[in-house]
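So the chains spell out like this:
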Amino acid sequence: FQTYRLFEVSFDNTVTGKMEHLGCVVPGLIALALLTLPEDDLQGHQADWMALAEGLTASCVEMWISTESGLAPEHVHHSAEAASHDPVQVPEDGRHSLLRPE
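A. The overall build of the protein, seen in detail. Across its full length, the protein holds three helices and four strands. Helices and strands in the protein line up, N terminus first, as β-β-β-α-α-α-β. Evaluated residue by residue, the protein yields a buried proportion of 27% over its 102 residues. Counted over contacts in the protein with a minimum sequence separation of 6, partners at least 24 positions apart contribute 58%. Carbon and sulfur atoms form 60% of the exposed surface of the protein, whose accessible area is close to 7000 Å².

As structure tokens, then:
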């Protein structure tokens, strides 16, 4: 299946290919919404939303397996022009893991 990555948009609308580890909560939020929202609110888009959740999860797994420890870095960089299967880059300032309890 397709992988999807999140982008960072600054206040001046600059788009950066940066995905934070905390973004890995998004697929779970999408799945929870699919389980709890009324059918009328979804309007037949369940498959699209599930594909997005699965693709974001795949990107999170890529973050986890990109390190020797198996802990995701705080953030990774990716290119908007790169194919979704191209590897992410772990920048020097994102190589740590804060080990938050979430």
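B. Quick peek at the nonpolar core. With seven residues, the main nonpolar core is built from Met-19, Cys-24, Cys-60, Met-63, Ala-72, Val-76 and Val-88. Ignoring any residue separated from it by four or fewer positions in sequence, one finds Met-63 in contact with Met-19, Glu-20, His-21, Cys-24, Ala-72, Pro-73 and Val-76.

C. How the structure looks around unusual backbone geometry. Positive phi is not limited to glycine here, since Asn-13 has a value of about 70°. Examined against the element boundaries, Asn-13 turns out to sit in the loop between strand S1 (8-9) and strand S2 (15-16). With phi around 45°, Gln-43 is a residue other than glycine that occupies positive phi space. On the secondary structure map, Gln-43 appears in the loop between helix H2 (39-42) and helix H3 (46-65). Given a relative accessible area of 60%, Gln-43 falls into the exposed group.

D. Here's a closer look at the state of the cysteines. Applying the stated criterion across every chain yields a total of one disulfide. One disulfide bridge connects Cys-24 with Cys-60, the sulfur atoms lying 2.1 Å from each other. Every disulfide takes its handedness from the sign of the S-S torsion; for Cys-24 and Cys-60 that torsion is -110°, giving left-handed. One end of the pair, Cys-24, is in the loop between strand S3 (18-20) and helix H1 (26-36); the other, Cys-60, is in helix H3, with 36 residues separating them in the sequence. Given the relative accessible area of 1%, Cys-60 is considered buried.

What counts and what doesn't
- Residues numbered from 1 in each chain as written.
- Predicted model: local features only at pLDDT ≥ 70, side-chain atom pairs only at ≥ 80, totals over all residues.
- Heavy atoms only, no water.
- Helix = DSSP H or I, 4+ residues; strand = E, 2+ residues; numbered from the N terminus.
- Buried < 20%, exposed > 50% of the residue type's maximum accessible area, 1.4 Å probe, protein only.
- Contact = heavy atoms within 4.5 Å.
- Areas by Shrake-Rupley, 256 points an atom, 1.4 Å probe, with all protein chains shown as cover.
- Core = buried A, V, L, I, M, F, W, Y, C linked by side-chain atoms within 4.5 Å.
- Disulfide = S-S within 2.5 Å.

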